Amino acid sequence: MAENYQLPIDGNWDVADMVAVSELIDLVLQVYEGGCERAKLLEAHRAFTKVTPAKSEQKRFDRDFEEQTGRSIYQTVKMARESDKRVIKGA
């Protein structure tokens, strides 16, 4: 990530969990900075949902992320799911 963001990291997460969340964040931002492989993004989102299985937790994380970056994890993943292209690019 080019900029530093204050992400809501859970104190119960281990290193692997933090890496999984960070990878998703990086890939979401890549979508808007030139593109990202659809499969990688969807796999990173699956890993994120294992770290944060509660929908309310996912929504809170996404809301905090969107406030800081102007990008929505939910909308980005939705765009990827609805696309059949190999590389996803945001507007």
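Our structure is the block above this text.
Residues numbered from 1 in each chain as written. Predicted model: local features only at pLDDT ≥ 70, side-chain atom pairs only at ≥ 80, totals over all residues. Heavy atoms only, no water.

The subject of this paragraph is the layout of surface pockets. Of the volumes computed, that of the largest pocket is approximately 260 Å³. Together, His 45, Phe 48, Thr 49, Lys 55, Gln 58, Lys 59, Asp 62, Ile 73, Tyr 74, Val 77, Lys 78 and Arg 81 line the largest pocket. Those elements giving two or more residues to the lining of the largest pocket turn out to be α2 (38-51), α3 (55-69) and α4 (73-82). If one sorts the elements of the lining of the largest pocket by residue count, α4 sits on top with 5 residues. (1 Å grid on protein atoms, 1.4 Å probe; cavity = no way out; pocket = protein on both sides within 12 Å on 5 of 7 lines; lining within 4 Å. Points joined across faces, edges and corners; volume = space filled by probe spheres on them. Helix = DSSP H or I, 4+ residues; strand = E, 2+ residues; numbered from the N terminus.)

With respect to the secondary-structure elements, Asn 12 resides in the segment before α1 (15-32). Relative accessible area serves as the criterion here: at 70%, Asn 12 is assigned to the exposed category. Residues Asn 12 and Pro 53, 41 residues apart in the sequence, show an inter-C-alpha distance of 13 Å. (Buried < 20%, exposed > 50% of the residue type's maximum accessible area, 1.4 Å probe, protein only.)

Below, the discussion takes up the pattern of salt bridges. Between side chains of opposite charge, a pair can form as their charged atoms come close. Applying the stated criterion to the full structure yields 2 salt bridges. Between Arg 86 and Glu 37 there is a salt bridge; the shortest N-O distance is 3.8 Å. You can see Arg 86 sitting in the loop between α4 and β2 (87-88) and its partner Glu 37 sitting in strand β1 (residues 36-37), a full 49 residues away along the chain. A relative accessible area of 59% means that Arg 86 is categorised as exposed. Residue class for Glu 37 comes out partly exposed when judged on its relative accessible area of 38%. (Salt bridge = Lys/Arg side-chain N within 4 Å of Asp/Glu carboxyl O.)

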